[in-house]
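Below, each chain spelled out in residue letters.
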Amino acid sequence: MRMLLIHSDYLEYEVKDRALKNPEPISEEQRKGRLDEVLAVFMSVEKVDEANPEEVVEKAVKEIKDVAGQVKAEKIFVYPFAHLSSDLAKPDVALEVLQKVEEKLKEEGFEVKRAPFGYYKAFKLSCKGHPLAELSRSVVPSG
Ligand SMILES: Nc1ncnc2c1ncn2[C@@H]1O[C@H](COS(=O)(=O)NC(=O)[C@@H](N)CO)[C@@H](O)[C@H]1O
């Protein structure tokens, strides 16, 4: 799993066309979304993660919590992003991993939104530009 973490004044998205034959079913209200004062986490789930998705979820949540603590972000935007890796996991595994990351971050007390999976989306992002505002992390199963 590769992650690009951007501490932002806001991230907003709008769903455009479907990018997969069977994208994640979404409600009308999920077609647009925005969070202010947010740690945006762009996430590419990788083929190697298919060996132990649960472990990768745990490791990703740990990394995100660590960065959120450093930049004092209380809101997280989980954003599926297929462009951080050239060896992507298949969509059904990727969606499950991203849903679990969202779930666990909520359990940790963060306000979390997750952008819809399997769609082309327009998005606007305002990076804060401080020294820790742009970070990347990579996590893989140990086994
Ligand atoms: N492994 C993955 N990690 C994160 N997001 C993914 C992954 N696979 C698919 N997606 C989601 O599905 C969308 C389309 O994925 S894609 O790899 O870019 N494109 C496709 O799979 C098809 N257009 C065939 O190439 C992405 O924008 C993202 O929302």
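Keep in mind that what you see is a predicted model, and the values were worked out from it rather than measured. (Residues numbered from 1 in each chain as written. Predicted model: local features only at pLDDT ≥ 70, side-chain atom pairs only at ≥ 80, totals over all residues. Heavy atoms only, no water.)

(A) Just the overall build of the chain, in detail. Helices and strands together make up the secondary structure of the chain, namely 2 helices and 6 strands. What you see in the chain, going N to C, is helices and strands ordered as β-β-α-β-α-β-β-β. Taken over the C-alpha trace, the chain has a radius of gyration of 14 Å; the compact-globule value for 143 residues is 15 Å, and the two agree within 12%. Dimensions of the chain along its principal axes, counting C-alpha atoms only, are 40 × 35 × 30 Å. Working note: accessible area of the chain is about 7,600 Å², and carbon and sulfur atoms make up 48% of it. Here the chain contributes 23 positive and 27 negative side-chain charges, whose respective centroids are spaced 3 Å apart. (Helix = DSSP H or I, 4+ residues; strand = E, 2+ residues; numbered from the N terminus. Rg over C-alpha atoms; globule rule 2.2 N^0.38 Å. Areas by Shrake-Rupley, 256 points an atom, 1.4 Å probe, with all protein chains shown as cover. Lys, Arg positive; Asp, Glu negative; His and termini not counted. Charge placed at Lys NZ, Arg CZ, Asp CG, Glu CD.)

(B) Focus on the packing of aromatic side chains. Applying the stated criterion to the full structure yields 6 aromatic pairs. When the ring of F42 is compared with that of Y79, the centres are 5.0 Å apart and the planes differ by 50°; the resulting orientation is tilted. Of this pair, F42 sits in strand 2 (residues 32-44) while Y79 sits in strand 3 (residues 75-80), and the two are 37 residues apart along the sequence. Taken individually, F42 and Y79 each receive the classification buried, so the pair is uniform in this respect. Among the aromatic residues, those joined into a cluster by ring pairs are F42, Y79, F81 and F123. (Phe/Tyr/Trp six-rings, centres within 6.5 Å; stacked < 30°, edge-to-face > 60°. Buried < 20%, exposed > 50% of the residue type's maximum accessible area, 1.4 Å probe, protein only.)

(C) The site of the ligand, seen in detail. Within the structure, the ligand sits among 15 residues, and A19, L20, V45, A89 and G118 are positioned closest to it. In this structure, a nitrogen atom belonging to the ligand sits 2.8 Å away from a main-chain N or O atom of V45. When residues of the shell around the ligand are traced back to their parent elements, those giving at least two are strand 2 and strand 5 (119-127). Looking at the shell around the ligand residue by residue, the classes come out as 12 nonpolar, 2 polar and 1 charged. (Near = heavy atom within 4 Å. Polar contact = N/O pair within 3.5 Å; in protein donor to acceptor, adjacent residues only side chain to side chain. Nonpolar A, V, L, I, M, F, W, Y, C, P; charged D, E, K, R; others polar.)

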